[in-house]
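Coordinate inspection notes
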Amino acid sequence: MSTVLEVSGLSVEIDVPTGVLHAADDVSFSVDRGETLCIVGESGCGKTITALAIMGLLPRSARRVSGRLVLEGANLPDLDNQDLAALRGERMGMIFQDPMTSLNPVFTIGEQLEEVYLRHRKAGRKEARERAVYLLERSGIPAAASRLGQYPHQLSGGLRQRVMIAMTLMCNPTLIIADEPTTALDVTIQAQILHLLADLQREVQMALILVTHDLGIVARIADRVAVMYAGRIVETGTRAEIFSTPVHPYTQGLLRCIPAPGRTRRGSPLGAIGGMVPSPIGPAIGCLFRNRCRYARNACAPNEITLAEISPGRACRCVLDPEESRRNFEAQ
Amino acid sequence: MNVSELTTLDGMEDAALAGPAPVVVMRRRARKHFSFLFGLVVLVLVVVVAVLAPLLAPYDPYIQEIPRRLMPPVWADGGMWTHMLGTDGLGRDYLSRMIYGARVSLTVGFFAAIISGLIGSSLGIIGGYFGGRVDTAIMYVVNTRLSMPALLVALALVSIVGGSLTSVTLILGFLLWDRFAVVMRSATQQVRTNDFVLAAEAVGASKLRIIFSEVLPNVVNQMIVVATLEMALAILGEAALSFLGLGVQPPTASWGLMVSEGRAFMFFKPYLIVIPGSAIFLLVIAINLLGDGVRDITAPEGRN
Amino acid sequence: MLRFCFARLAIAFLVSITVSIIGFSLLRLSGDLGAELAGENATQEDIQATRVAYGLDRPLPIQYLDWAGKAVRGNFGHSLFSGEPVASMIVSRLGVTGQLAVFSLLFAVIFGIPLGVIAATQPNSWIDRSALGVAVFGQAIPNFWFGLILIVVFGVVLRWTPISGSNTLAHFILPTLTLGTSAMPAIMRLTRTGMLDVLDSDYVRTAHAKGLLPHTVLFKHALRNAVLPVVSLSAVQLGFLLGGSVIVESVFALNGIGNLAFRSIQRLDFPVVQTILVFVSLIYVLLTFLSDLINAYLDPRLRVG
C-alpha cells in the first residue's frame, strides 16, 4: 500500500477565554509515497494546527476531539506519548516556518543533527556524523564538514533552513510535513529551497505535506492540493484540476485574485473576496463561506455540508452542483 | 436567511472585533486579581492607621509605666484589655507603639521610593533615550553604585550623620535608585524604537517634550511596579538599620527598633519580637503583591 | 574573545577605582570626621589637633592618593581601635563570611533552580503557586527577624542547632537558612520565568518534533538555555550576600567581615571601614566580571567581540 498518511474526520478544539475555538473541523485527506500534497489556505484557516495535530505537537490548551490519523497503518491518537515520540523524527518529521528560532542557539549544528540519529538508531557517533555530513551536502550546503562545529547564529536564514531539512531526513522518515518552509526567507532563496525539497523527494520518495498560503508555491510543487477555509477542507484535487477547473467558490475566488497572463484583461480590477473570515469561536452551522459567496442560497445555511467526493481523489464541500460551479468559473 | 441578510453580518463583526477600551479592560482585571486587591487593601489600612494614629492609639507611645512593664498581650496569661498588645521593657503600650511605628515605616518607604525613583528614573530614561556616550556614562555610574554594598554604606553614613527619620529616608533614597535606573533604561530603549517616537522626532518636537509626552506615559507602568518594590526594600532597610541601632533612634517607635529592644526578652516573651516583625513582614508582602498585581494588570503579556 | 575579556577587565578596573574614591570620600565628606573622632567635649583646638593627627586637614585628593599609594603595596593602615593592621584583620575574618556567603548561595541555588523548573513545567498548579508563595515569603521577611525566630524555634525550643558562634559547620545551619532564604526567591523566579519562555520557544518544539525523550528536551534543550541569566544572577548575588551578611553575622554572633564592619562603623574606625568597603566592592566587581566570562562560555552568541 502506498498510502503513507490517512487523515479522516480530524477535529481540534482549543479552549480560549471567550469560548471554544474550532481550529480544525472534520479534516480529511491522504498522502501517498512520493507524493506532494499542498494544504493551502489563508492565515488562521487551521492548516498549521492540522500539521501539529498529525505530529502530536498540539499546545497544551488544545484538545483533539476526534478523528483518525493513520500513519502506515498505525492510528496515531491511539498511541501513548512514548510510542508517539519514537515515531517523531524517525517515521515522520517536520520543518518549521522560522529557521532563525527553530534551532537551539547553544548547540552546534552537528550536535543537533546527530542527536536525532543517536536517539532513534543504535549507532555510534561516527556513523551519525557521517550521515549528517552526507545530508548537509545533499541539502546544498558547501563545506559541510566544517559546518558541524558551527552554531546556528553563524548561518544565514537559507542555510539554516537547509540544515532543518537535513535534520528531518536524518532517519529517513516516510512522511515530512513542511509548515510554510519558505515564508521567512528571501524570494530568491525560496525557489532554491522548493527545488531542494522536490529534488529530495524524487530521490527518497517520502510523502511530503507542504502547508502554505502561497498559490505560487502550490503551482510549482504540488501533486495534489487540499484547500482549507475556516478550519475545514473545502476542496481537494490534483494540481491541474484545482487550477484549471476549481469547483468550490472559495477556490475560485482565490484563483481570481491572481492575474493570469492571457486571461486577465488589462485595466480590469483585480479579484478580491469581500468580507472577512468568520470567527472560529463558537459552534459552526452550515457553510462558513456563505456570507462571502456570490452563489450563496438558502440551502447553505442550516445543515452540515459534507466533503463529498466528485470523482476519485476529488472532493468538494459545497451544495452547488459541480458542473454548475465549473460553468460559473468559466463564465468569468 | 437570504443573501442580503448575510452580508450585513460584516459590519457587526467589525464592531465586535474592536473590543472595550484598555482602561475598562484593566479595571476588570484589577477587580479579579486577588494579590492586587489584597495588597491594596492592606496598604490602605496601614496608611489609614498611620494617618489616624493620634486618634487610634490608646496611649502616648513614649510614656513609660515601669510597674506595668513586660505585660503580655490580651490573649496570653496575665494579659489585659487595657493593654491589648501588652507592654514593652519600659512599660510603654505596645499597641500604641505599633500604630506609631506604622508612620515611620510608611514615611521612610514612601519618601525613599520617591527620591530614589526621581534619581533612578531620570538617569535611566536619559541613558535609554540618548544612548551612545551619555548611556555609557550613566551605565558606568549605575555599575559603580551596584558595586558598593548598600547596607554597609548606609550604616557608615548614618553613623557619621546621625540616625533619624530624615537621615535614614534621605540615605536610603540616595542609595536605592539602581533598579529604577536599570528598568527605566531598558523600558525607554524599547519605547524609543517605536514609530510614534520617531514620528515625533521627525516633526521636530524638542527632546524634552518627546520624553515627557511620548516616552514617559509608556514607561510609567513599569515605574510604578519598581516603585512598589523599592518602597518594600526601603521599609526593610529602615527596619534593619534601626534594628542594628543605626537607624531611627529611641525613643521613637520603629518596628525594627522594637524588635531590637525586644530581643533581650525574646526567649520568655516572644511576642515582643513576633508582633513588630510580623507587621513589617505583612506590610512588605502587601506592597510586593500590589506591585505584582499592577504589573499583571497593566502588562499581562509580560506576566510569568 | 580576548579583546572581549580585556574590555570587560578595563571597565571593571575603572569601576573599582571609582568605588574606592567614593568610599574614601563619603566617609570624609558626609560629616566632620575630625569632630566625630575628637569626641563630644572636644574644643575647637582639640578637633583641629585631631584632624592634623589623622591627616584630615589635607586636601581630599592628597589624602586619597596617599592612601591609594599605600594600599597598592598592601598597606591598608591600622585599626584606630586595636592598632592591628587592617589587612590581617580582614583576612582572618574572611573565612567565616566566605563560608556563610557560599553556603547561602548554594542553598538558594539548590532549592531555587529545581523549584523554578518544576513550577514552570506545571504552570498554575498547586506546585507553581506554592513556589511563588515561597518566593513572596523569602522576599518579604526581614532577615534579622527571621534569624531571631529561627534561633527561638530551632535553637531554644527544639534545641536542634547551635545558635551563635562559628566553631563548627553546624553553627552555619541557621545563618545559612536565614541568608539563603533572602537570596532564593530571585533565583527561583528567574529560573521559572526563563523556563516558561524557553518551553514556549520554537527550538523546544523542534526538539519535540525530533522525537527526543521528554527529559532530554527539558534538561538538555530547555534548561540549558533558561539557566543562562540565572548563572549571571548567582555570581552577582554572591556579591550582595557578602555585603548583606552584616545583619546575619550580627544576629548570630559570627565573627566575619560584616560584623567587623559593623563594629568598626560604630567605633568610627574609618581605616577599617573604608578598606572593607573597597574590598567588598572589588569582590563584587570581580564576580560580575567572572559572570560575564561564564556567560560568554555558556552562550555562543555572546562570543562575538
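Residues numbered from 1 in each chain as written. Chains lettered and ligands numbered in written order. Predicted model: local features only at pLDDT ≥ 70, side-chain atom pairs only at ≥ 80, totals over all residues.

A tally of regular secondary structure across chain B gives 14 helices and 0 strands. Along chain B, helices and strands appear, N-terminal first, in the series α-α-α-α-α-α-α-α-α-α-α-α-α-α. Principal-axis analysis of the C-alpha atoms places the extent of chain B at approximately 90 × 60 × 30 Å. The proportion of buried residues among the 304 residues of chain B is 45%. Looking at chain B alone, contacts between residues at least 24 apart form 70% of all its contacts between residues at least 6 apart. (Helix = DSSP H or I, 4+ residues; strand = E, 2+ residues; numbered from the N terminus. Buried ≥ 20, exposed ≤ 12 C-beta atoms within 10 Å, placed from the backbone. Contact = placed C-beta atoms within 7 Å.)

Scanning chain C from N- to C-terminus turns up 12 helices and 0 strands. The order of α-helices and β-strands along chain C, N terminus first, is α-α-α-α-α-α-α-α-α-α-α-α. With the principal axes as the frame, chain C shows a C-alpha extent of 85 × 60 × 30 Å. Here chain C, with 305 residues, has 46% of them falling under the buried criterion. Counted over contacts in chain C with a minimum sequence separation of 6, partners at least 24 positions apart contribute 74%.

Next up on the list: the interface of chain B and chain C. Taken together, the 32 residues of chain B in the interface contact 40 residues of chain C. Taken together, the elements giving at least two residues each to the side of chain B that touches chain C come down to helix H7 (132-147), helix H8 (150-161), helix H12 (207-243) and helix H14 (271-298) of chain B. It is H8(B) that contributes the most residues to the side of chain B that touches chain C, 9 residues altogether. Partitioning the side of chain B that touches chain C into residue classes produces 24 nonpolar, 7 polar and 1 charged. (Nonpolar A, V, L, I, M, F, W, Y, C, P; charged D, E, K, R; others polar.)

Here we come to the confidence of the model for chain C. Here chain C shows a mean pLDDT of 85. Residues at 70 or above account for 95%. Interface confidence in the predicted complex, given as ipTM, is 0.88; pTM for the same model is 0.84. (pLDDT = per-residue confidence, 0-100.)

Moving on to the sheet that holds strand S8 (residues 207-212) of chain A. Residues and elements named next belong to chain A. Read across the sheet, 8 strands follow the order S6-S7-S8-S3-S9-S10-S12-S11 without closing on themselves; strand pairing throughout is mixed. The open sheet terminates on both sides in strands that have one partner only, identified here as strand S6 (92-95) and strand S11 (308-311). The sheet shows a mean angle of 20° between the axes of neighbouring strands, taken without regard to direction. As judged from the 4 bridges shared by S6 and strand S7 (residues 175-179), these two strands associate in the parallel manner. When the bridges of S7 are listed, Met-92 appears paired with Leu-175. Each of strand S3 (36-40), S6, S7, S8 and strand S9 (224-229) is contacted by helix H1 (residues 47-55), which is oriented at about 150° to S7, the strand it contacts most. (Pairing = 2+ DSSP bridges. Axes fitted to C-alpha atoms, helices over the stretch in contact; angles between N-to-C directions.)

Each neighbour pair has its own omega, and for B:Pro250 with B:Pro251 the value is 5°, a cis peptide bond. Among the secondary structure elements, B:Pro251 is positioned in the loop between H12 and helix H13 (255-262). One non-glycine residue, A:Glu180, adopts positive backbone phi at about 45°. The buried category is assigned to A:Glu180, around which 21 C-beta atoms lie within 10 Å.

Right, let's get into the environment of C:Ile151. Residue and element names in this part refer to chain C. Of note, Ile-151 is situated in helix H7 (residues 143-157). For Ile-151, a count of 22 C-beta atoms within 10 Å translates into the label buried. Sequence separation between Ile-151 and Ile-163 is 12 residues, and the spatial gap between their C-alpha atoms is 5.9 Å. Leaving out residues up to four positions away in the same chain, Ile-151 has contacts with Val-156, Ile-163 and Leu-174.

The next subject is the nonpolar core. Of all hydrophobic cores here, the largest spans 253 residues; its most connected members are B:Leu152, B:Ala154, B:Leu155, B:Ile235, C:Ile187 and C:Ile276. Here this core takes 18 residues from H12(B), the largest share from any one element. Counting contributing residues, this core receives three or more from each of domain 1 (3-79 + 175-262 + 271-330) and domain 2 (99-172) of chain A. Discounting residues that sit within four places of it in the chain, B:Leu152 has contacts with C:Gly243, C:Val246, C:Ala261, C:Ile276, C:Leu277 and C:Val280. (Core = buried A, V, L, I, M, F, W, Y, C linked by C-beta atoms within 7 Å. Domains from an automatic or database assignment.)

As a further point, take the environment of C:Asn225. Note on placement: C:Asn225 falls in helix H10 (residues 214-251). Taking the number of C-beta atoms within 10 Å as the measure of exposure, C:Asn225 has 23 and is therefore buried. Along the sequence, C:Asn225 and C:Val236 sit 11 residues apart, while their C-alpha atoms lie 19 Å from each other. With residues up to four places along the chain from it excluded, the contact list for C:Asn225 reads A:Val106 and C:Val198.

Mapped onto the elements of the fold, C:Leu80 is located in the loop between helix H4 (60-72) and helix H5 (86-121). Residues in contact with C:Leu80, not counting those within four places in the same chain, are C:Asp269 and C:Pro271.

The end-to-end C-alpha separation of helix H6 (residues 126-140) of chain C is 21 Å, in line with the 21 Å expected for 15 residues at 1.5 Å each. Residues of H6(C) that are buried include every one of C:Ala131, C:Ala135, C:Gly138, C:Gln139 and C:Ala140, and no others. If you follow the buried residues of H6(C), they end up packed against H14 of chain B together with H5 and helix H8 (173-199) of chain C. (Expected span 1.5 Å × (residues − 1).)

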